[in-house]
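For reference, the chains in residue letters:
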Amino acid sequence: MSEALAVGIDIGGTKVAGGLVDLDGVVVARARRDTPHRSKSPVVVEDTIVEVVTELLGMADREVVAVGIGAAGFVAADRATVVFAPHLSWRDEPLEANLQRRVPVPISVDNDANAAAWAEWRFGAARGESHVVMVNLGTGIGGAMVVGGAIMRGRFGIAGEFGHMQVVPGGQRCECGNRGCWEQYASGNALVREARSLMTANSPLATDLLGRVDGDPSALTGPMITQAAREGDPTATELLGEIGQWLGVGIANLAAAFDPGVFVIGGGVSAAGDLLLEPARIAFRRSLTGRGYRPEPQILAAELGNEAGLIGAADLARQDVVDRPASS
Ligand SMILES: [Zn+2]
């Protein structure tokens, strides 16, 4: 048992990524499929998950004690039901029960941001920290908290939706229905939106970026902007700096509410490293309540990259098996 493996599955909008994860959080084998389109029935998504799990179980050279699923969506506090998944066709989906009928290993379900935060706390940037807030900058903003060695899920399981804090009254419309949400200013989508608006305005500032997409702003992606900034394009650097500033303002709000020792910044945009984090740290210090009269938390880049979700899902599931009374 001590050497046993766990399967971790990360279900995102485009990929179902899975891995066999050992006790040290090392991914020893991988499998992946495209996520079925959200128009497909829940069963099709389940079929895909079962395929990936089955493939991984077949690759294991020793016992697999648990399967953990990290899903992008609201997972109920019972960690069995996906209440709502915006990128999938799940509404009050009894995912754990449905999968458990088809997989011969105990299954646990969690939110993908919770899983990523757990992985960073166990094996990554937040090792040894007692109060951790993770902020994932992807297309939107996901978040999670690990306090005293436990994930803070909230009464209904949906804590950590930091992306929908209002930071600009009457600001940009958000897909959640409100205006001025944080993720409209500090996410990958915000980065690309701002860059495209410069490009379509025919600004000379956008010459480098336009050259990277043969003049087609719709072809621009976040990683292209990060690459341009790394290669010294001042406009791309400035765009990342703006995202970083908004990141700093938002995490100052989170510091006021939660007083963590460390913020871990993950998700695709965090690949920009200090191009993002230095402006964030400056804006954070300018916005922090009681600045100069209180200890300041660290703001660190995540260490586990895009495998944090599956590593955390596997480790959480293993934890569930260990914690479960032998009689049940
Ligand atoms: Zn929103």
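Everything here concerns the structure above.
Residues numbered from 1 in each chain as written. Predicted model: local features only at pLDDT ≥ 70, side-chain atom pairs only at ≥ 80, totals over all residues. Heavy atoms only, no water.

Structural notes on the coordination of the zinc ion
Here's step 1: In the first shell of the zinc ion, the protein supplies H164 (ND1), C174 (SG), C176 (SG) and C181 (SG), at 2.0 to 2.4 Å from the metal.
Here's step 2: Geometry at the zinc ion is tetrahedral, judged from the four donor atoms that bind it and their angles of 106 to 119° at the metal.
Here's step 3: Mapping the donors of the zinc ion onto the primary sequence gives the spacing H-x9-C-x1-C-x4-C. Within this pair, whereas H164 is found in the loop between β11 (150–151) and α4 (188–200), its partner C176 is found in the loop between β11 and α4, the two being separated by twelve residues in sequence.
Here's step 4: Classification of C176 by relative accessible area gives partly exposed; the value is 38%. (Donors = N, O, S within 2.8 Å, 3.2 Å for Na, K, Ca; no water. Tetrahedral: all angles 85-135°; square planar, octahedral: opposite > 155°, others 65-115°. Helix = DSSP H or I, 4+ residues; strand = E, 2+ residues; numbered from the N terminus. Buried < 20%, exposed > 50% of the residue type's maximum accessible area, 1.4 Å probe, protein only.)

Overview of helix α9 (residues 308–323)
Here's step 1: Look at α9: 22 Å from first C-alpha to last across 16 residues, which is about the 22 Å you get at 1.5 Å a residue.
Here's step 2: Most of α9 is tucked away, with twelve of its 16 residues classed as buried.
Here's step 3: When we look at burial in α9, the residues that qualify are A308, G309, L310, I311, G312, A313, A314, D315, L316, A317, R318 and D320. (Expected span 1.5 Å × (residues − 1).)

Quick notes on the pattern of salt bridges
Here's step 1: If you walk through the whole model with that rule in mind, you get 19 salt bridges.
Here's step 2: Its salt-bridge partner being D47, residue R102 comes within 2.8 Å of it at the nearest N-O pair. Of the two residues, R102 sits in the loop between α2 (95–100) and β8 (107–111) while D47 sits in helix α1 (residues 42–59), which places them 55 residues apart along the sequence.
Here's step 3: Owing to a relative accessible area of 31%, D47 belongs among the partly exposed residues under this scheme.
Here's step 4: When the shortest N-O distance is used, the salt bridge between R127 and E303 registers 3.8 Å. Of the two residues, R127 is situated in the loop between α3 (112–123) and β9 (131–137) and E303 in the loop between β13 (298–301) and α9; the sequence distance between them amounts to 176 residues.
Here's step 5: The structure contains a network of salt bridges with shared partners spanning R79, D110, R153 and D320. (Salt bridge = Lys/Arg side-chain N within 4 Å of Asp/Glu carboxyl O.)

Section: the environment of P234
Here's step 1: For P234, the position within the fold is in helix α7 (residues 234–258).
Here's step 2: With relative accessibility at 59%, the residue P234 sits in the exposed group.
Here's step 3: Along the chain, P234 and S270 lie 36 residues apart, while their C-alpha atoms are 18 Å from each other.

Brief notes about the environment of I265
Here's step 1: By the secondary structure assignment, I265 is in strand β12 (residues 262–266).
Here's step 2: Using a relative accessible area of 0% as the deciding quantity, one classes I265 as buried.
Here's step 3: Contact partners of I265, with chain neighbours within four places excluded, come to V135, L137, L247, S270, L276, L277, I299, L300, A301 and A302. (Contact = heavy atoms within 4.5 Å.)

Quick look at the side chain of Q184
Here's step 1: If you trace the backbone, Q184 turns up in the loop between β11 and α4.
Here's step 2: Take Q184: its relative accessible area is 14%, and that puts it in the buried class.
Here's step 3: Those residues within four positions of Q184 in sequence are excluded, and the remaining contacts are Q172, R173, C174, E175, A190 and R193.

Some details on α4
One turn of the α-helix equals 3.6 residues, which is why residues spaced by three or four share an orientation.
Here's step 1: Over its 13 residues, α4 extends 18 Å from the first C-alpha to the last, a length consistent with the 18 Å expected when each residue adds 1.5 Å.
Here's step 2: Listed as buried for α4 are G188, A190, L191, V192, A195 and M199.
Here's step 3: A side-chain oxygen of the first residue of α4 lies 3.4 Å from the backbone nitrogen of N189; this N-cap is S187. (Polar contact = N/O pair within 3.5 Å; in protein donor to acceptor, adjacent residues only side chain to side chain.)

Overview of the pairing of β12
Here's step 1: The buried fraction of β12 amounts to five of the five residues, a majority that puts the element mostly inside the structure.
Here's step 2: Side chains V262, V264 and G266 of β12 all project onto a buried face; the interleaved residues F263 and I265 project onto the opposite face, where all are buried too.
Here's step 3: Across five bridges, the pairing between β9 and β12 is parallel. Each residue of the ladder has a partner; that of V135, found in β12, is I265.
Here's step 4: Direction of pairing for β12 relative to β13: parallel, over a ladder of four bridges. Bridged to F263 within β13 is I299.
Here's step 5: Read from β12 through helix α8 (residues 274–287) to β13, the crossover connection turns out right-handed. (Pairing = 2+ DSSP bridges. Right-handed = clockwise from strand over helix to strand, strands pointing away.)

Digging into the sheet that holds strand β7 (residues 91–93)
Here's step 1: The three strands lie next to each other as β5-β6-β7, forming an open sheet whose pairing is antiparallel. For this open sheet the edge positions go to β5 (74–75) and β7, each flanked by a neighbour on one side alone.
Here's step 2: Here β5 pairs with strand β6 (residues 82–84) via two bridges, running antiparallel. Bridged to F74 within β6 is F84.

Things to note about the nonpolar core
Here's step 1: In this structure, V135, W182 and L247 are the most contacted members of the largest nonpolar core, which totals 43 residues.
Here's step 2: Elements represented by at least two residues in this core include exactly β9, β10 (141–147), α4, α5 (207–212), α6 (222–230), α7, β12 and α8.
Here's step 3: Of all the elements, α7 adds the most residues to this core, at nine residues.
Here's step 4: Once residues lying within four places of it in the same chain are set aside, the contact partners of W182 are V135, I141, F162, G163, M165, V167, W246, L247, G250, I251 and L254.
Here's step 5: If you look at the next biggest cluster of nonpolar residues, it comprises 29 residues, including V7, V16, V64 and I107. (Core = buried A, V, L, I, M, F, W, Y, C linked by side-chain atoms within 4.5 Å.)

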